[in-house]
Amino acid sequence: MPDNTTEAQGATPVERADDVNTDVNTDVDATSSQRSEVTGAEIVFDNVVKKYPGQAKAAVGGMSLRIPAGETVMFVGPSGCGKTTSLKMINRLIDPTSGTITIDGKPISESKADDLRRRIGYVIQGGSLFPHMTVADNIAVVPGLLGWDKAKTTERVDELLDMVGLDPERYRDRFPRELSGGQQQRVGVARGLAADPPVILMDEPFGAVDPITRTRLQDEMLSIQRQLRKTIICVTHDIDEALKLGDRILILSEGGKIEQYDTPENILAAPANEFVEDFVGAGSALKSLALSRLDDVEIADAPTVRVGDSIVDVQRNATASGARNVVVLDERGRPVDFVTAAKLRGERVENRRREALQTVDHRATLNDALDAMLNSSHGAVVVTGGRGEYRGVASFQQIMTHIQDTHEAAESRRHGADAEATPDSVAVANTSSHTDFREQAEEGEEQ
Ligand SMILES: Nc1ncnc2c1ncn2[C@@H]1O[C@H](COP(=O)(O)OP(=O)(O)OP(=O)(O)O)[C@@H](O)[C@H]1O
Ligand SMILES: [Mg+2]
């Protein structure tokens, strides 16, 4: 019992709530409606070595690493480099030969292995479910160990099945052999999340599923993580999966040697060495387009006019301000056109939705924004907010500037004294490109 008390100090509010039998979901809902709060725990490796008996070389030869609370860190590296070994040392399935691992400041060697594993979700390839237990019973293993009552457990099981896209009615009473490989894998993910642990370890959790299910599971994991902010360590062989899911990526070579530990942006923009370059593979600049969103780019604010405005006034204002192109908004502030003011004809601005007008949501990736630009005759695209309202205009030039700035910032950060890169330090483009989009829109007009 004294051990449990110390455990609880390192545990999350959600976890402590279990003792008083408060529904975990209440906490989740409360946080997701506001800003989601970190419920994960910090994990620190300090010079951790694992040498298996009878092996000449260490599987992990002195790993030091800090994993911030609430982040997803992806472990990647060639087969046999020590990923699984590193992961299993966190929940003491394997004990290190030397060095220490702490969770929220407490060395794991001071916790009982069983207690530790109840606080750490573990998901492995194929799900590795207990074959003689139903789906529901498999998911309820840790809640059972924690002494949850039946009603709370049943509710949690159904909620998790929904979360991983399996209809509870259909699947909760099945046995693992009555599920496909991908379905078993999803049950494995649900089981790892069941007791709402602050730390989740995943070892190639989406390894054996088809690409479509894999994408779905990845997207589910992203949205779950946006809400829950656990500390997740996930091993993968797939660098694209790592780039998509990770707040940070740890690239390992043989013997658990850290080649680079950085944000996806920095790994793409400034690979630390040839090993990382090879591992990331070709097309890193293109890959980085999928990592940034229009929200990250400083977009320009084109002059706007309203449907029904006097064209004489619009043209006079445009001449006075030097702006040649204007965005036409409808009565609800949604863009309907992007035109050269001088080309407007008639008395009043019409609600003329041109087929060619391309708009993208402000949360779109730069990939999607470029796609829209390539599909429009403009070198620019009108950006909209959540309700389709006008936000600004993004140009090809602004996106290029953003990518270049990101690369330069990543490189100088890597070469500079400031070795500890942070995910939010991505540079934004300067605003000098206001004129650029006008010229590009202009070119588009001529076509
Ligand atoms: N129980 C064991 N006894 C002896 N050596 C082991 C044991 N488990 C792993 N190893 C060795 O330790 C090294 C690291 O293994 P580990 O399983 O951590 O690699 P991995 O990075 O997870 O590889 P993979 O991508 O193939 O899963 C390998 O050389 C492996 O052969
Ligand atoms: Mg492995």
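Fair warning: this is a prediction, and the values are worked out from it, not measured in the lab. (Residues numbered from 1 in each chain as written. Chains lettered and ligands numbered in written order. Predicted model: local features only at pLDDT ≥ 70, side-chain atom pairs only at ≥ 80, totals over all residues.)

Trainee: Help me understand the overall build of the chain in this model?
Mentor: Helix and strand counts for the chain come out as 19 helices and 16 strands. Within the chain, counting contacts between residues at least 6 apart in sequence, those at least 24 apart form 67% of the total. (Helix = DSSP H or I, 4+ residues; strand = E, 2+ residues; numbered from the N terminus. Contact = placed C-beta atoms within 7 Å.)

Trainee: Can you help me understand the pairing of strand 4 (residues 98-103) in this one?
Mentor: It is a general feature of regular strands that their side chains alternate between the two faces of the sheet. In this structure, strand 1 (residues 43-50) lies alongside strand 4, joined through 5 bridges in antiparallel fashion. Across the sheet, residue D46 finds its bridge partner in strand 4, namely T100. Where strand 4 folds back onto strand 5 (residues 106-107) in an antiparallel hairpin, the turn is made up of 2 residues, including D104, whose phi is positive at roughly 50°. (Pairing = 2+ DSSP bridges.)

Trainee: Explanation requested: helix 17 (residues 366-375) in the structure shown.
Mentor: Spacing of three or four residues puts side chains on the same side of an α-helix, whose turn is 3.6 residues. Residues L366, A369 and M373 constitute the buried set of helix 17. Buried residues of helix 17, seen end-on, are gathered within an arc of 60° and therefore sit on one face of the element. Exposed and facing more than 90 degrees away from the buried side of helix 17 are L374 and N375. (Buried ≥ 20, exposed ≤ 12 C-beta atoms within 10 Å, placed from the backbone. Arc of directions from axis to C-beta.)

Trainee: Before we go on, may I ask you to explain the site of ligand 1 in this structure?
Mentor: What surrounds ligand 1 is the set Y52, Q55, A59, G77, S79, G80, C81, G82, K83, T84 and T85. Classifying every residue of the shell around ligand 1 gives 3 nonpolar, 7 polar and 1 charged. (Near = placed C-beta within 6 Å. Nonpolar A, V, L, I, M, F, W, Y, C, P; charged D, E, K, R; others polar.)

Trainee: Would you mind going over the nonpolar core with me for this structure?
Mentor: Inside soluble globular proteins, nonpolar side chains tend to come together where they are buried. Of all hydrophobic cores here, the largest spans 66 residues; its most connected members are M74, F75, I139, A190, L201 and I233. Residues contacting I233, with those up to four places away along its chain left out, are I67, V73, F75, L87, I90 and L201. Membership of the second largest hydrophobic core comes to 30 residues, among which are V297, V305, V327 and L366. (Core = buried A, V, L, I, M, F, W, Y, C linked by C-beta atoms within 7 Å.)

Trainee: It is not clear to me how the confidence of the model for the chain should be interpreted in this structure. Could you clarify?
Mentor: The predicted coordinates of low-pLDDT regions are not to be read in fine detail. Within the chain, residue pLDDT values average 81, and 83% of them lie at 70 or more. The least confident element of the chain is helix 2 (residues 13-19), whose mean pLDDT is 33; the most confident is strand 1, at 97. Long-range and interchain partners of residues 1-35, a stretch whose pLDDT sits below 50, account for 37 contacts in this model, where long-range means more than four residues apart. Note on residues 417-447: pLDDT is under 50 here. Beyond four places in sequence and across chains, it has 61 contacts. (pLDDT = per-residue confidence, 0-100.)

Trainee: Even after reading the chapter, I still don't get unusual backbone geometry, so can you show me in this structure?
Mentor: Leaving glycine aside, a negative phi is the common case for residues, and trans is the common case for peptide bonds. If you check the backbone angles, R92 has positive phi at about 60° while not being a glycine. Take R92: it is sitting in the loop between helix 4 (83-90) and strand 4. Note on R92: 18 C-beta atoms within 10 Å, which makes it partly exposed. Within the chain, R229 stands out as a residue other than glycine whose phi angle is a positive 50°. Along the chain, R229 turns up in the loop between helix 11 (211-228) and strand 8 (231-235). Since 21 C-beta atoms lie within 10 Å of it, R229 is described here as buried.

Trainee: Got a minute to help me understand the sheet that holds strand 12 (residues 325-329) in this structure?
Mentor: Strand pairing in a sheet takes place through backbone hydrogen bonds and is either antiparallel or parallel in direction. With mixed pairing, the 3 strands of this open sheet are ordered in space as 11-12-13. Among the strands making up the open sheet, the edge pair consists of strand 11 (304-306) and strand 13 (335-340). Neighbour-to-neighbour, the strand axes of the sheet open up by a mean angle of 30°, direction not taken into account. The pairing of strand 11 with strand 12 spans 3 bridges and is classified as parallel. Looking at the pairing, T304 lines up with V327 of strand 12. (Axes fitted to C-alpha atoms, helices over the stretch in contact; angles between N-to-C directions.)

Trainee: It is not clear to me how the environment of T39 should be interpreted in this structure. Could you clarify?
Mentor: Note that T39 resides in the loop between helix 3 (24-33) and strand 1. With 192 residues separating them in the primary sequence, T39 and T231 have C-alpha atoms 7.8 Å apart.

Trainee: What am I meant to see in the environment of P335 here?
Mentor: Of note, P335 is situated in strand 13. C-alpha separation for the pair P335 and T384, spaced 49 residues apart in sequence, amounts to 7.9 Å. If we ignore the near neighbours within four places in the chain, the residues touching P335 are V327, V328, L329, L357, T359, V382, T384 and Y390.

Trainee: Which parts of the structure should I look at to understand the sheet that holds strand 9 (residues 248-253)?
Mentor: Spatial ordering of the open sheet is given by 6-7-8-3-9-10, a layout of 6 strands whose pairing is mixed. Across the chains shown, the open sheet's two edge strands, defined by having one partner strand only, are strand 6 (120-124) and strand 10 (257-262). Going across the sheet, the axis of each strand differs from the next one's by a mean of 15°, ignoring polarity. Strands in contact with helix 10 (residues 181-193) are strand 6 and strand 7 (199-203); relative to strand 6, the strand with the most contacts, it is inclined by about 170°.

Trainee: Help me out: how do you make sense of the pairing of strand 3 (residues 72-76) in this one?
Mentor: Among the 5 residues that make up strand 3, 5 are buried, leaving the element largely enclosed by the rest of the structure. Relative to strand 8, strand 3 is paired through 4 bridges, and the arrangement is parallel. Within strand 8, the position partnered with T72 by the bridge is I232. Where strand 3 and strand 9 come together, 4 bridges link them in parallel fashion. Residue V73 lies in a different strand from strand 9, and its bridge partner there is R248.

Trainee: Sorry, what's going on with helix 18 (residues 396-415) here?
Mentor: The end-to-end C-alpha separation of helix 18 is 29 Å, in line with the 28 Å expected for 20 residues at 1.5 Å each. Taken residue by residue, helix 18 has Q398, I399, T401, H402, T406, A409, A410 and R413 as its buried positions. The buried side chains of helix 18 occupy one side of the element, clustering within an arc of 165° when seen end-on. Opposite the buried face of helix 18, at more than 90 degrees from it, the exposed residues are S412 and H415. The secondary structure elements touched by the buried residues of helix 18 are helix 13 (264-269), helix 17 and strand 16 (390-395). (Expected span 1.5 Å × (residues − 1).)

Trainee: I keep staring at the environment of D296 and nothing clicks. Help me out?
Mentor: Tracing the sequence through the fold places D296 in the loop between helix 15 (284-289) and strand 11. C-beta crowding within 10 Å serves as the criterion here: with 16 such atoms nearby, D296 is assigned to the partly exposed category.

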